[in-house]
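# Architecture at a glance
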Amino acid sequence: MFDENMTRILQEAVNEMLVWVGFGTLVGLAAKAIMPGKDPGGAVSTMLMGIGGSVVGCGTLMFFWDGARVTPISSIGFLAATGGAFILLFFYRLLSGSFFAEAEDGERWLHRRRRRRRARGLADETY
């Protein structure tokens, strides 16, 4: 049914996929450990963020470092991938609104935690 060449190609593809999944999970966990605060998403989003971060980080490094081939499974590749995942996590939090909330009472910005505490205090005063 399958010849020996096709079996070898399938084994290499599955091995490569498992390496990216494992490496993406480690990179995503490292980026979430560096970024303080409550982390959005679960295990699957951490893995996907790590895989995306490794593509972004290693691709950016290869773009600016002319003639270098960066593999994600190396010390430089791990640092670049973690930086890429950190950038993805930062922009995800920034665009989802988990860093800042809308201002109240003419203030420029309010941190979400402070806003909740203030809303509870105002609710307690009305009763």
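The structure presented is a predicted model; accordingly, all values stated were derived computationally and were not measured.

### So, the overall build of the chain
The helix and strand tally for the chain stands at four helices and two strands. Listing each helix as α and each strand as β along the chain from the N terminus yields α-α-α-β-β-α. Here the chain holds 127 residues, and 23% of them are scored as buried. The long-range fraction of contacts in the chain, counting pairs at least 24 apart against all pairs at least 6 apart in sequence, stands at 50%. Accessible surface, the chain as shown: approximately 9400 Å² in total, 64% of it carbon and sulfur.

### Some words on the pattern of salt bridges
Per the counting criterion, the structure on display carries one salt bridge. A salt bridge links Glu-12 to Arg-8; its shortest N-O distance comes to 3.0 Å. Of this pair, Glu-12 and Arg-8 are both found in helix H1 (residues 4–34), four residues apart, which corresponds to roughly one turn of the helix. Note on Glu-12: relative accessible area 46%, which makes it partly exposed.

### Re the packing of aromatic side chains
Taken as a whole and judged by the stated rule, the model has three aromatic pairs. Between Phe-23 and Phe-78 the ring centres are 6.0 Å apart and the planes differ by 70 degrees, which places this aromatic pair in the edge-to-face class. Highlighted residues: Phe-23 in helix H1 and Phe-78 in helix H3 (residues 75–96), separated in sequence by 55 residues. Exposure remark for Phe-78: the relative accessible area of 31% places this residue in the partly exposed category. On the numbers, 5.1 Å between centres and 80 degrees between planes, the contact of Phe-63 with Phe-64 is edge-to-face. The two residues Phe-63 and Phe-64 agree in class, both being exposed.

### Side note on the nonpolar core
Within the largest apolar cluster, eight residues are counted, these being Phe-23, Val-27, Ala-31, Met-35, Met-49, Ala-81, Ala-85 and Leu-89. Beyond its immediate chain neighbours, meaning those up to four positions away, Val-27 contacts Gly-50, Phe-78, Ala-81, Thr-82 and Ala-85.

### A closer look at H1
Its 31 residues place the ends of H1 45 Å apart at the C-alpha level, agreeing with the 45 Å of an ideal helix rising 1.5 Å per residue. Looking at the packing, one finds that the buried side of H1 touches helix H2 (43–64) and H3.

Quick notes on the rules
- Residues numbered from 1 in each chain as written.
- Predicted model: local features only at pLDDT ≥ 70, side-chain atom pairs only at ≥ 80, totals over all residues.
- Heavy atoms only, no water.
- Helix = DSSP H or I, 4+ residues; strand = E, 2+ residues; numbered from the N terminus.
- Buried < 20%, exposed > 50% of the residue type's maximum accessible area, 1.4 Å probe, protein only.
- Contact = heavy atoms within 4.5 Å.
- Areas by Shrake-Rupley, 256 points an atom, 1.4 Å probe, with all protein chains shown as cover.
- Salt bridge = Lys/Arg side-chain N within 4 Å of Asp/Glu carboxyl O.
- Phe/Tyr/Trp six-rings, centres within 6.5 Å; stacked < 30°, edge-to-face > 60°.
- Core = buried A, V, L, I, M, F, W, Y, C linked by side-chain atoms within 4.5 Å.
- Expected span 1.5 Å × (residues − 1).

By themselves, these figures tell us nothing about what the structure is for.
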